[in-house]
Amino acid sequence: MKLLEGKTALITGASRGIGRAIAEKFASEGANLILTDLFYDDNAKALVDQLSATGVKVKMYASDASKFDQAQNVVDEAAKEFGQIHILVNNAGITRDTLLMRMTEDQWDLVINVNLKSVFNLTKAVQSLMLKQRYGSIINMSSVVGVSGNAGQANYSASKAGIVGFTKSVARELGSRNIRCNAIAPGFILTEMTDKLPEDVRKEWAEKIPLKRGGTPDEVAKVALFLASDLSSYVSGQVIQVCGAMLT
Ligand code: NAP
């Protein structure tokens, strides 16, 4: 029996990077998938075809996770189509890195809304379904810089630290209904988000990591699988760092 057989998972920001790797991992373990991304483009369509070919049910919605109404609409639509939602992965995230001196109000608001408000929006939208089911696993994508802070990332670090507080609160609030809530804090993972960094910065980061390399999206997806499945049935309110010992 596969680890997620009979389960339905909703993953935000799923068309590339870590979200895509999680979708692929969950499909390989038998989960039906509700995927969201800003646009339903050719890349997203190809992903839906690829995952559907594995035999699971997959539907992708174009939806901005930072918008409260859009999050509620996706969950309403998906609930009609899939019935239940057992797993929520709040993965969508962006960066707008710059020193505080130069950071604009728009750069602050955008990062907080996409990274943190989205987590509130989707969690709130799935809450009543999960309460009725008396079952749920919510996984929020934080970051090591949400724990440590980082120069040039005050907006991003604040959003990721906010996710940690939210995760711990939801774990305490919904635990009695068998709803678990955990966060993953990746370190330096090789995706388009980190591709944007200059080559010398990427080299320098890798050198500082005790495992001497950046992580892969699949290595984050494996931890998401653990948290999504009943392998972690007594794990809630935790932040699991996936960072090659970058932060200990
Ligand atoms: P990525 O490659 O940039 O992918 C992010 C995905 O989120 C994209 O598919 C993007 O859609 C989608 N997205 C952006 N804004 C959205 C919105 N408002 N609503 C719905 N979807 C949206 O990033 P990644 O590296 O995979 O990162 C995934 C998560 O891990 C993020 O929360 C990030 O902060 C976190 N993380 C990453 C690292 C790292 O080293 N990569 C480290 C720590 C934490 P489009 O394709 O339309 O832009």
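Calculation rules
- Residues numbered from 1 in each chain as written.
- Predicted model: local features only at pLDDT ≥ 70, side-chain atom pairs only at ≥ 80, totals over all residues.
- Heavy atoms only, no water.
- Helix = DSSP H or I, 4+ residues; strand = E, 2+ residues; numbered from the N terminus.
- Rg over C-alpha atoms; globule rule 2.2 N^0.38 Å.
- Buried < 20%, exposed > 50% of the residue type's maximum accessible area, 1.4 Å probe, protein only.
- Contact = heavy atoms within 4.5 Å.
- Lys, Arg positive; Asp, Glu negative; His and termini not counted.
- Charge placed at Lys NZ, Arg CZ, Asp CG, Glu CD.
- Salt bridge = Lys/Arg side-chain N within 4 Å of Asp/Glu carboxyl O.
- Phe/Tyr/Trp six-rings, centres within 6.5 Å; stacked < 30°, edge-to-face > 60°.
- Lys NZ or Arg CZ within 6 Å of the ring centre and 35° of its normal.
- Core = buried A, V, L, I, M, F, W, Y, C linked by side-chain atoms within 4.5 Å.
- Expected span 1.5 Å × (residues − 1).
- Disulfide = S-S within 2.5 Å.
- Near = heavy atom within 4 Å.
- Polar contact = N/O pair within 3.5 Å; in protein donor to acceptor, adjacent residues only side chain to side chain.
- Areas by Shrake-Rupley, 256 points an atom, 1.4 Å probe, with all protein chains shown as cover.
- Nonpolar A, V, L, I, M, F, W, Y, C, P; charged D, E, K, R; others polar.
- Pairing = 2+ DSSP bridges.

Caption draft 1: Structural detail: the overall build of the chain. Assigned secondary structure in the chain consists of 9 helices and 7 strands. Relative to a compact globule of 248 residues, whose C-alpha radius of gyration would be 18 Å, the chain shows 17 Å and is just as compact. Each of the three principal axes of the chain carries a C-alpha extent, and together these read 45 × 35 × 35 Å. Residues classed as buried in the chain amount to 50% of the 248 residues present. Taking the contacts inside the chain whose residues are at least 6 apart along the sequence as the reference set, 76% of them involve residues at least 24 apart. Computing the positive centroid from 28 side-chain charges and the negative centroid from 26, the chain places the two 6 Å apart.

Caption draft 2: The arrangement of the pattern of salt bridges in detail. Tallied over the full model, the rule gives 12 salt bridges. One salt bridge connects Glu-199 with Arg-202, and the closest N-O pair in it is separated by 3.4 Å. Placement of the pair is Glu-199 and Arg-202 together in helix 8 (residues 199–208), with a separation of 3 residues, close to one helical turn. Overall, Glu-199 belongs to the partly exposed group, its relative accessible area being 48%. By sharing partners, the salt bridges in this structure join Lys-57, Lys-59 and Glu-81 into a single network.

Caption draft 3: The arrangement of the packing of aromatic side chains in detail. Counted according to the given criterion, the structure contains 2 aromatic pairs. With centroids separated by 5.3 Å and ring planes inclined at 40 degrees, the aromatic side chains of Phe-188 and Trp-205 adopt a geometry described as tilted. On the criterion of sequence distance, the pair formed by Phe-188 in the loop between strand 6 (179–186) and helix 7 (192–195) and Trp-205 in helix 8 is long-range, its members being 17 residues apart. Exposure remark for Phe-188: the relative accessible area of 4% places this residue in the buried category. Exposure remark for Trp-205: the relative accessible area of 23% places this residue in the partly exposed category. A cation over an aromatic ring shows up here: Lys-45 above the ring of Tyr-40, its NZ or CZ 5.6 Å from the ring centre.

Caption draft 4: Representation of the nonpolar core. Counting residues in each nonpolar core, the largest one holds 34 residues, and the members touching the most others are Ile-11, Ile-22, Phe-26, Leu-33, Leu-35 and Ile-184. Of the residues forming this core, the biggest block, 7 residues, is contributed by helix 9 (residues 217–228). Those residues in contact with Ile-11 that sit more than four places away from it in its chain are Gly-19, Ile-22, Ala-23, Phe-26, Leu-33, Ile-34, Leu-35, Thr-36 and Val-89. By size, the runner-up hydrophobic cluster in this structure holds 23 residues, among which are Ile-85, Leu-88, Leu-122 and Ala-171.

Caption draft 5: Expanded view of helix 6 (residues 154–174). In a regular helix each residue adds 1.5 Å, so 21 residues correspond to 30 Å; helix 6 covers 30 Å between its end C-alpha atoms and thus fits that length. Taken as a whole, helix 6 has its buried residues at Asn-155, Tyr-156, Ser-157, Ser-159, Lys-160, Ile-163, Val-164, Thr-167, Val-170, Ala-171 and Leu-174. Against the buried residues of helix 6 lie helix 4 (105–133), strand 5 (136–141), helix 5 (144–148), strand 6, helix 7 and strand 7 (239–242).

Caption draft 6: Region of the structure containing the state of the cysteines. Inspection of every chain in the model, using the stated rule, returns 0 disulfides. Cys-181 forms no disulfide, and the closest cysteine sulfur to it belongs to Cys-243, at a distance of 20 Å.

Caption draft 7: The site of the ligand, seen in detail. Around the ligand lies a shell of 29 residues, among which Arg-16, Asp-37, Asn-91, Tyr-156 and Thr-191 are the nearest. At 3.0 Å, a backbone N or O of Ala-65 approaches a nitrogen atom of the ligand. For the ligand, an oxygen atom lies 2.5 Å from a polar atom in the side chain of Thr-191. Here the ligand loses 92% of its free accessible area of 900 Å² to cover by the protein chains. Those elements giving two or more residues to the shell around the ligand turn out to be helix 1 (17–28), helix 6 and helix 7. The element contributing the most residues to the shell around the ligand is helix 7, with 3 residues. Its residues assigned to classes, the shell around the ligand comprises 13 nonpolar, 11 polar and 5 charged.

Caption draft 8: Summary view of the pairing of strand 3 (residues 58–62). Relative to strand 3, strand 2 (residues 32–37) runs parallel, the two being bridged by 5 bridges. The residue of strand 3 that forms the bridge with Thr-36 is Tyr-61.

Caption draft 9: Highlighting unusual backbone geometry. Despite not being glycine, Asn-178 has its phi angle at roughly 65 degrees, a positive value. Within the secondary structure layout, Asn-178 lies in the loop between helix 6 and strand 6. We classify Asn-178 as partly exposed; its relative accessible area is 44%. If you check the backbone angles, Lys-212 has positive phi at about 65 degrees while not being a glycine. Note that Lys-212 resides in the loop between helix 8 and helix 9. Look at Lys-212 and you get partly exposed, because its relative accessible area is 48%.

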